Amino acid sequence: MKFNLIDAVLEQSHDRIVAIKQVSLAEEYLADHFPSFPVLPGVLMVETMVQAARRLLSDRGETRLVLGEIKGLKFGSFVRPGETLAVDVTVTGSKDGTYQCRGKGRVLRHDGSRSDETAVSGRFTMRPIRRVLPG
Amino acid sequence: MRWMWIDQIIELVPGERMVAIKNVSLAEEHLHDHFAADGELDALPVYPASLLIEGMAQTAGILVGAARDFKEKVILAKIMRAVIDCEVFPGQTIRYEANLEHLDTAGAATKGVVSRTEAASGQWEVIGHIDLLFSHADQSMTGVDVPEHNFVFGENLKIILQSAGLAGMVGGDR
Amino acid sequence: MPDSAVLTQDEILEKTRDILMEALVLDADEITPESSLTADLNAESIDFLDIVFRLEKTFSTEDKPFKIEPGELFPDNLLDNPEWVQEGKLTDAGMDMLKERMPHVDFSEFDQDRDVEKVAANITVASLVTFIDRKLSA
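Visitor: Report on the interface of chain C and chain B, specifying residues and quantitative values.
Guide: Between chain C and chain B, the contact holds 16 residues from the first and 18 residues from the second. In total, chain C and chain B occlude about 1,300 Å² of area from one another, counting both sides; carbon and sulfur atoms represent 60% of this. Across the pair E101 of chain B and K57 of chain C runs a salt bridge whose closest N-O atoms are separated by 2.9 Å. Taken together, chain C and chain B are joined by five residue pairs in polar contact (both at pLDDT 80 or more). Looking at which element gives the most residues to the side of chain C that touches chain B, the answer is helix 2 (residues 45-59) of chain C, with ten residues. Split by residue class, the side of chain C that touches chain B holds seven nonpolar, two polar and seven charged.

Visitor: Talk me through the interface of chain B and chain A; I want residue IDs and the actual numbers.
Guide: Contact with chain B, which involves 49 residues of that partner, is made by 42 residues of chain A. Summed over the shared surface of chain B and chain A, the result is one salt bridge. Taken together, chain B and chain A are joined by 18 residue pairs in polar contact (both at pLDDT 80 or more). Those elements that provide at least two residues to the side of chain B that touches chain A are helix 1 (49-66), strand 3 (74-84) and strand 6 (125-136) of chain B. No other element matches strand 3 of chain B, which puts ten residues into the side of chain B that touches chain A. Across the side of chain B that touches chain A, the residue classes break down as 31 nonpolar, five polar and 13 charged. Pairing between strand 3 (residues 66-75) of chain A and strand 3 of chain B: five bridges, direction antiparallel. Considered in strand 3 of chain B, the bridge of I70 of chain A is made with A82 of chain B.

Analysis parameters
- Residues numbered from 1 in each chain as written.
- Chains lettered and ligands numbered in written order.
- Predicted model: local features only at pLDDT ≥ 70, side-chain atom pairs only at ≥ 80, totals over all residues.
- Heavy atoms only, no water.
- Contact = heavy atoms within 4.5 Å.
- Buried area = accessible area lost by both parts, 1.4 Å probe.
- Salt bridge = Lys/Arg side-chain N within 4 Å of Asp/Glu carboxyl O.
- Polar contact = N/O pair within 3.5 Å; in protein donor to acceptor, adjacent residues only side chain to side chain.
- Helix = DSSP H or I, 4+ residues; strand = E, 2+ residues; numbered from the N terminus.
- Nonpolar A, V, L, I, M, F, W, Y, C, P; charged D, E, K, R; others polar.
- Pairing = 2+ DSSP bridges.

Written out as structure tokens, the structure reads:
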């Protein structure tokens, strides 16, 4: 599968980014997740937030940071084909090349139904790639 | 492409533990985007951490589902904690070990260890820990709309259970 | 700790605070006995399951497992029963049921409102401590 999940950036400042991922039946993995009930996999919501954070941090000169840690990340509403996941990620701190982030993803719908549902929310950290275990 | 992020079940102790492995290969399309060549940077295929979490979720999800004969709709509800200490690269194999910590009508909690190895070495090193919380979609209080039928455990499950000699775990009507 | 020793309320509060810090990703100073789990600490129903499992693990001993039944600590499937909820509000029978099922929660103020969506907001850290204390002593 193609693995660039950010379809558009809506807002960006020094420590905050808002970006979207469209969900479409054209995406092949939906055939498996799940047959007869296609929904965006939770880990792809996480990946969307990670890619948004990576983009934000690369503008600070930190390229190719990866996900290091997650704490208390919850999943809420499903995101279905025809709907959009809008992620809002803020960098809350940094220490020794590791960045702490907080992210939230909302479901956007085009049918006019409730637009304030949270699909995903939680905290994560971004760090440089490691080929071997530290220490 | 298939949304199947484990290749083989190595061990299943019902109600307790499951171990699965996944081979990482350059044949996997997503590695060509993660990461693609960019300006002066060369392409650098790195297995995405989010897919490590999915591999653990599939391993733990089957363990949890098996504990109730795959009658429940086992949905990943919360990543309590995930720590990944180093990356995985093409040519390496990932090992997921999931342990069932709690199970009740509303859902289940699992604790997991992720390890990696070079194909030839046979030596595993622990690279991360992933602890997950699943809800049983019909019984829990999460209130999300789910279909009547069990959409979670389908054909892919049968295939992977069959190859581990565990096809007997899946009943007739599901 | 010897099995016969009973934890004090302070010790229960400490352990409960640690659990809430982990489950809800909060700092110690954000959690007081008066904090409402949902209104102040932003706990949602999936967090209730997480909290129940952590409480069971923390307060179980070899001799005495600490098992919390569905609906015993947090309200469960209230909307399912028309005897208890009518048009989004708890009936008298519903209020009696809540008080009986959840004696660890103070519903006196809630009696004026009775909005079913707000039941969970009445559960405070102090009511968790009361619940645990009663169960350990039973």
